[in-house]
Amino acid sequence: MPPSNFMREAIRLSLAGMRRGSGGPFGAVIVRRGEIIARGWNRVTSANDPTAHAEVVAIRRACRKLGVFHLRDCVLYASCEPCPMCLAAICWARIPKVYFANTHADAAAIGFDDEFFYRELARPAGRRRLKMKPLLRAEALVAFEEWRTKGDKTPY
């Protein structure tokens with residue numbers, strides 16, 4: 001199947017999910033060896049879950065289906081350029097290639113906050129709107145040291 005067909009499916013999901021009131025106009029599919037293995041659409045408002053973006057939903061479904069926590073041999077097709085949260089999830093899933101249709105500027109033009117998040121993440125931590133302060137680092141480092149020396153860990 002050509003890549004354009006996979007993108008058309010992501011776009012179809014964006015429209016279908018939006019029209020039935022699941023959430024915003026975003027859809028995604030994950031393809032492995034030329035076959036769609038998972039579909040996702042925005043479910044933020046219907047699931048009351050701010051992380052239920054189309055890409056994250058598709059990643060969760062693909063990992064569950066394959067029984068893995070990485071998707072190194074998959075491609076993601078998204079109806080819109082992934083937001084920073086989705087981009088991070090894609091990176092954590094180790095997906096090596098992403099195709100997208102609409103841009104994050106297109107999303108901003110219809111009222112989505114993607115542009116704000118891109119700007120915020122580009123700022124040094126001390127200059128972001130979200131106030132962050134370190135607390136109990138020495139106590140927390142105990143877990144990191146134990147992980148570092150753990151012989152039976154599964155690295156990711």
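So, here's what we can say about the structure.

1. Examining the overall build of the protein
When you go through the protein residue by residue, the secondary structure sums to seven helices and four strands. Reading the protein from its N end, one meets helices and strands in the order α-β-β-α-α-β-α-β-α-α-α. Along the three orthogonal principal directions, the C-alpha set of the protein runs to about 50 × 40 × 25 Å. Burial statistics for the protein: of 156 residues in total, 33% are counted as buried. Within the protein, contacts between residues separated by at least 24 positions form 47% of all contacts whose residues are at least 6 apart in sequence. Summed over its atoms, the accessible surface of the protein is roughly 10,100 Å², and 58% of this surface lies on carbon and sulfur atoms. The positive charge centre, built from 26 side chains, and the negative charge centre, built from 15, are 2 Å apart in the protein.

2. Re helix α4 (residues 84-92)
It helps to recall that an α-helix has 3.6 residues per turn; residues three or four apart then point in one direction. Of all the positions in α4, only Pro-84, Cys-86 and Ile-90 are classed as buried. On an axial view of α4, the arc spanned by its buried residues comes to 160°, and they lie on one face. Arg-94, located one to two residues past α4, shows a positive phi value of around 65°.

Definitions and limits used
Residues numbered from 1 in each chain as written. Predicted model: local features only at pLDDT ≥ 70, side-chain atom pairs only at ≥ 80, totals over all residues. Heavy atoms only, no water. Helix = DSSP H or I, 4+ residues; strand = E, 2+ residues; numbered from the N terminus. Buried < 20%, exposed > 50% of the residue type's maximum accessible area, 1.4 Å probe, protein only. Contact = heavy atoms within 4.5 Å. Areas by Shrake-Rupley, 256 points an atom, 1.4 Å probe, with all protein chains shown as cover. Lys, Arg positive; Asp, Glu negative; His and termini not counted. Charge placed at Lys NZ, Arg CZ, Asp CG, Glu CD. Arc of directions from axis to C-beta.

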